[in-house]
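What follows is each chain in one-letter form.
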Amino acid sequence: MKTNLLDFSLDQLTAHFASIGEKPFRARQVMRWMHQMGESDFEAMTDLAKSLRAKLQASAEVGVPHLITGQASTDGTRKWLLDVGTGNGVETVFIPEDDRGTLCISSQVGCALECTFCSTGRQGFNRNLSTAEIIGQLWWANKAMGVTPKNERVISNVVMMGMGEPLANFDNVVAALQIMLDDHGYGLSRRRVTVSTSGMVPQMDRLRDACPVALAVSLHASNDTIRDQIVPLNRKYPLSELMAACRRYLEKAPRDFITFEYVMLDGVNDRPEHARQLIELVRDVPCKFNLIPFNPFPNSGYARSSNNAIRIFREILQEAGFVVTVRKTRGDDIDAACGQLAGQVQDKTRRQEKWMRIAEEGRQA
Ligand code: SAH
Ligand code: SF4
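In this text, all values refer to a predicted model and were calculated from it rather than measured experimentally.

So what about the UniProt feature "binding site: [4Fe-4S] cluster" (unreviewed entry) in the chain? Which residues, and what values?
Following the UniProt record, the feature "binding site: [4Fe-4S] cluster" (unreviewed entry) maps to Cys111, Cys115 and Cys118 here. Mapped onto the elements of the fold, cysteine 115 is located in the loop between β7 (108-110) and α4 (119-122). If we skip the residues at most four places from it in the chain, cysteine 115 touches Ile230, Val231 and Pro232. Within the element layout of this structure, cysteine 118 appears in the loop between β7 and α4.

Any chance you could break down the pattern of salt bridges for me, citing the residues and the numbers?
Going through the model one piece at a time under the given rule, you end up with 17 salt bridges. In this structure, the salt-bridge partner of aspartate 270 is arginine 271, at a minimum N-O distance of 3.6 Å. Assessed through its relative accessible area of 2%, aspartate 270 is described here as buried. Through salt bridges with shared partners, a single network forms among Arg208, Asp209, Glu251 and Lys252.

How would you sum up helix α6 (residues 170-181)? Please name residues and give values.
When the terminal C-alpha atoms of α6 are compared, their 16 Å separation across 12 residues agrees well with the 16 Å that a helix rising 1.5 Å per residue should span. Looking only at α6, the buried set comprises Phe170, Val173, Val174, Ala175, Ala176, Leu177, Ile179 and Met180. The secondary structure elements touched by the buried residues of α6 are α1 (10-19), α2 (24-35), α5 (131-145), β9 (157-160), β10 (193-197) and α7 (201-210).

Go over unusual backbone geometry with me, naming the residues and quoting the values.
Note: most peptide bonds trans; most residues except glycine with negative phi. Phi is positive for threonine 86, close to 40°, though the residue is something other than glycine. Residue placement: threonine 86 occurs in the loop between β4 (78-83) and β5 (89-96). Of the residues examined, threonine 86 reaches a relative accessible area of 72% and is grouped as exposed. Although it is not a glycine, histidine 220 adopts a positive phi angle of roughly 65°.

Hey, could you go over the site of ligand 1 for me, with residue numbers and the actual values?
Of all residues adjacent to ligand 1, which total 22 residues, the nearest are Phe117, Ser196, Ser218, His220 and Asn295. A distance of 2.6 Å separates an oxygen atom of ligand 1 from a polar side-chain atom of serine 218. Here ligand 1 loses 96% of its free accessible area of 530 Å² to cover by the protein chains. Sorting the residues of the shell around ligand 1 by element identifies β10, β12 (258-264) and β13 (287-293) as the ones contributing at least two each. The class makeup of the residues in the shell around ligand 1 is 11 nonpolar, 9 polar and 2 charged.

Outline the domain arrangement of the chain, supporting the account with residue identities and numerical values.
Taken as a whole, the chain is organised into domain 1 (3-61) and domain 2 (66-364). Between the C-alpha centres of domain 1 and domain 2 the distance comes to 33 Å. The partner domain 2 presents 15 residues to the 16 residues of domain 1 that form the contact. Interface area lost by domain 1 to domain 2 is led by Leu6, His35 and Gln36, which between them contribute 40%. Seen at the junction of domain 1 and domain 2, the total is 0 salt bridges. Counting across the domain 1 and domain 2 interface gives 8 residue pairs in polar contact (both at pLDDT 80 or more). The set of elements that each furnish at least two residues to the side of domain 1 that touches domain 2 consists of α1 and α2.

Describe the sheet that holds β10, with residues and values.
What the 10 strands build is an open sheet, ordered β3-β4-β5-β6-β9-β10-β11-β12-β13-β14; its pairing is mixed. Since the sheet does not close on itself, it has two edges, and those belong to β3 (66-72) and β14 (324-326), each with one partner. Each strand axis lies, on average, 20° off the axis of its neighbour in the sheet, ignoring direction. Bridge analysis of β3 against β4 gives 6 bridges, and the strand direction is antiparallel. Residue pairing across strands places alanine 72 opposite arginine 78, the latter belonging to β4. Contacting β3, β4, β5, β6 (101-104) and β9, α5 crosses the sheet at an angle of about 130° to β4. Docked against the sheet, helix α9 (residues 239-251) engages β11 (214-218) and β12, running at close to 145° with respect to β12.

Can you lay out the nonpolar core for me, pointing to particular residues and giving the numbers?
Counting 99 residues, the largest nonpolar core has Leu5, Leu177, Met180, Leu207, Ile258, Phe260 and Phe289 as its most contacted members. Counting contributing residues per domain, this core is built from domain 1 (3-61) and domain 2 (66-364), each supplying no fewer than three. Leaving out residues up to four positions away in the same chain, phenylalanine 260 has contacts with Val217, Leu219, Met243, Cys246, Val282, Val285, Cys287, Lys288, Phe289 and Asn290.

About the cut-offs
- Residue numbers restart at each chain and count upward from 1, following the sequence in its written direction.
- Ligands are numbered from 1 and chains lettered from A, in the order in which they are written.
- Owing to the predicted nature of the model, reporting of local features is limited to residues with pLDDT of at least 70; listing and counting of side-chain atom pairs is limited to 80 or more, with chain, interface and lining totals taken over all residues.
- Only heavy atoms go into the side-chain values, all of them from the structure, while hydrogens and water stay out.
- UniProt positions are given in the numbering used here, feature names are shortened, and annotations may be inferred rather than shown by experiment.
- Helical segments are the DSSP runs of H or I of at least four residues, strand segments are the runs of E of at least two, and each set is numbered from the N terminus.
- When checking whether two residues touch, look at their non-hydrogen atoms; a contact exists if any pair is within 4.5 Å.
- For this analysis, a salt bridge means a side-chain nitrogen from Lys or Arg found within 4 Å of a carboxyl oxygen belonging to Asp or Glu.
- Throughout this description, buried means an accessible area under 20% of the type-specific maximum (1.4 Å probe, protein chains only), exposed means over 50%, and partly exposed covers the range between.
- What a helix should span is 1.5 Å times the count of its residues minus one.
- We call a residue near a given molecule or strand whenever any one of its heavy atoms falls within 4 Å of it.
- The term polar contact refers here to a pair of N or O atoms within 3.5 Å; inside protein, the definition further demands a hydrogen-donor-capable atom paired with an acceptor-capable atom, and it admits residues adjacent in sequence only when both atoms are side-chain atoms.
- Shrake-Rupley sampling with a 1.4 Å probe provides the accessible areas, and residues are treated as covered by the protein chains on show and by no other component.
- The nonpolar class holds Ala, Val, Leu, Ile, Met, Phe, Trp, Tyr, Cys and Pro. Asp, Glu, Lys and Arg form the charged class, and all remaining residues, Gly among them, are polar.
- Reported domain spans reflect what an automatic or database domain assignment gives.
- Put simply, buried area is how much 1.4 Å-probe accessible surface two parts lose in total, over both of them, once they are put together.
- Any two strands with at least two DSSP-identified bridges between them are counted as paired.
- Here an axis means a line fitted to C-alpha atoms, over the contact stretch when the element is a helix, while the angle between two N-to-C directions is reported on a 0 to 180 degree scale.
- Put simply, buried Ala, Val, Leu, Ile, Met, Phe, Trp, Tyr and Cys residues joined by side-chain atoms within 4.5 Å make one nonpolar core.

Here you go:
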């Protein structure tokens, strides 16, 4: 089998090249061809020695996932479904804004965690994506979006907020992050790349040491009773441990802050007393809040909080001095909004069956 060079960060590619008798600067050249020029054909990498091109042709490949479909929303949001083999597909979403272009990337086929309000969680889990499949999403989107008239990259920000829990696929995600930040890769700045986690405490510490990018934490609740129910991982890493991990994360980057994501679920976590409890909970963590109006999907069992409830919740946090944004729903018409990414998951956990049964019982009751 050929070695997929898209699986390697620069350090890993350099080591691989050393093992085939090639100098480090060759690795940098190939890195730039693959990621900056979007080139997948070694023959087209014209400044490589002919002998190296032949060697790579015989033993290696630039293996990007195949594109199944691309869709564009009326609001400019775009979504791609990429084939990752054996009937599985993952989704990538591009969200244009006035001052930036953000790509939302998936890290797993499905998700092994089971947050009750998330359609990816309902889909079950198949496997981790490889580094090539993760960075391949940026590779494709860059090719599709091109550069601005000023020759700047259209994609200025990356968020790991697509399908899956990025920190549950630690090594592959970190290698992909390194390629995003590398000057020979995509050259994105550390603060423009965000990992979103549902709160895997030990891996948050490891990320801080390996690649301290911006961190978003899916908080969604102001106390353990509610969080235990909607984010089951909380039973393993309760809020006190999660807050301590957030503080430790910022030790490495003292001018940074944590973004707390908070999905607004009608009657579940959206009351004024929850907002007041939150203020206490995060008091020692430099942070911002991002309130996400719940995006419904079939048989979710939840409803989006009213605009009024969201406004009051926001005001309470703002009056306590927090910066609060309310996430605009984008790409609704192509099911590209948060928590709606479903891709194609050949579920290995039989979770889809379970939820179908629960929905069926609910209809009969
Ligand atoms: N697994 C990671 C990243 C992917 S989810 C995490 O949980 O953080 C990206 C964000 O969308 C998370 O904050 C997630 O909780 C939120 N989300 C999931 N389902 C949603 C839904 N139906 N409506 C709105 N936001 C949702
Ligand atoms: Fe997984 Fe994140 Fe969805 Fe929870 S919210 S099920 S961690 S993708």
